[in-house]
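Observations on chain architecture
Chain by chain, the residues:
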Amino acid sequence: RFLTILLSTAISSTLLLGCQNSKFNLRSRENKTAKEATLSSGEWEVGKDINEGRYTIFSKGDTNNLTILNPEVEDISNIYKNVYTILDEKGKEGVESITCNLKKGEVINISGKKQVQFTPAKKLKDNSKLTSGDWEVGVDIVPGKYKVKSEKESGNFIILNKDRSKAKVNEILDSNGCNGLKELECELNDGEIVELRGVHIVDFERL
């Protein structure tokens, strides 16, 4: 009887935890400062040439190289705090778009023949599929355990702590499993940042 009580308690606790996770209310994000902008090839400063805010960024035809550099980071190769990507409208040579925050003082470098569109990011309708960009756990996706996999091509899957100083996961996801992991299981904790680079769409299946 004692063992039965223990098992019942454990099961009830598990069910309650799952229920709590499923009812997690995502926090809202203010994005009033972001304003639509179109930038061509060159160097641009956030706060002068474009408002700070959260944007979905895409190329208006053909391909463009995009970098967003944090002036407070000495190591320009730091992929946790800087953005490096190739934008391609057709998604062949790069990703169709990238969603990230632009902060005052950051420097945007664009190279390519076509202009790049910066559109204020909207709240996700489906957070079981995340595209290339930076996503905050508790705001863009519910904390919990997930199985993740890339729908197309390959790219970096990184989970960072809140200040982006350390990665607990840094893997390559590949839809075919040839150049990286076909899928992996991970736990997302409130406040962590999911950084997706080079990968088009990542599926998040709750476990």
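Here we summarise the structure given alongside this text.

What counts and what doesn't
- Residues numbered from 1 in each chain as written.
- Predicted model: local features only at pLDDT ≥ 70, side-chain atom pairs only at ≥ 80, totals over all residues.
- Heavy atoms only, no water.
- Salt bridge = Lys/Arg side-chain N within 4 Å of Asp/Glu carboxyl O.
- Helix = DSSP H or I, 4+ residues; strand = E, 2+ residues; numbered from the N terminus.
- Buried < 20%, exposed > 50% of the residue type's maximum accessible area, 1.4 Å probe, protein only.
- Phe/Tyr/Trp six-rings, centres within 6.5 Å; stacked < 30°, edge-to-face > 60°.
- Lys NZ or Arg CZ within 6 Å of the ring centre and 35° of its normal.
- Pairing = 2+ DSSP bridges.
- Axes fitted to C-alpha atoms, helices over the stretch in contact; angles between N-to-C directions.

1. Quick notes on the pattern of salt bridges
Evaluated as defined, the whole model comprises 15 salt bridges. Residue Arg27 is joined to Glu136 by a salt bridge in which the shortest nitrogen-to-oxygen separation is 3.5 Å. A residue pair is termed long-range when its members are at least 10 positions apart, and Arg27 in the loop between helix H1 (2–22) and strand E1 (37–39) and Glu136 in strand E9 (residues 129–136) qualify at 109 residues. Residue classification places Arg27 among the partly exposed residues on the basis of a relative accessible area of 34%. We note a salt bridge from Arg27 to Asp190, for which the minimum N-O separation is 2.9 Å. Placement of the pair is Arg27 in the loop between H1 and E1 and Asp190 in the loop between strand E13 (184–188) and strand E14 (193–206), with a sequence separation of 163 residues. Overall, the relative accessible area of 43% leaves Asp190 in the partly exposed class. By sharing partners, the salt bridges in this structure join Asp134, Arg164, Glu195 and Arg197 into a single network.

2. What to know about the packing of aromatic side chains
The tally for this structure, following the rule as stated, stands at three aromatic pairs. Summarising the aromatic geometry, the rings of Tyr146 and Phe204 are spaced 5.8 Å apart at their centres and angled 80° between planes, so their arrangement reads as edge-to-face. Remark: Phe204 occurs in strand E14 and Tyr146 occurs in strand E10 (residues 144–150); sequence separation between them is 58 residues. For Tyr146, a relative accessible area of 3% gives the class buried. Aromatic pair Phe157 and Phe204: ring centres 6.2 Å apart, planes at 45°, arrangement tilted. Of this pair, Phe157 sits in strand E11 (residues 154–160) while Phe204 sits in strand E14; the two residues are 47 residues apart in sequence, bridging distant segments of the chain. Look at Phe157 and you get buried, because its relative accessible area is 0%. Ring pairs connect the aromatic residues Tyr146, Phe157 and Phe204, which therefore count as one cluster. When the ring centre of Trp135 is taken as origin, the NZ or CZ atom of Arg54, which lies over that ring, is 5.1 Å away.

3. Structural notes on the sheet that holds strand E4 (residues 63–69)
If you trace the four strands from one edge of the open sheet to the other, you get E2-E7-E4-E5, paired in antiparallel fashion. Of all the strands in the sheet, the pair left with one neighbour each is strand E2 (42–45) and strand E5 (83–88). Geometrically, the sheet is characterised by an average inter-axis angle of 20° between neighbouring strands, direction not taken into account. As paired elements, E4 and E5 share six bridges and run antiparallel to each other. Bridged to Thr67 within E5 is Tyr84.

By themselves, these are just geometric observations and shouldn't be taken as functional.
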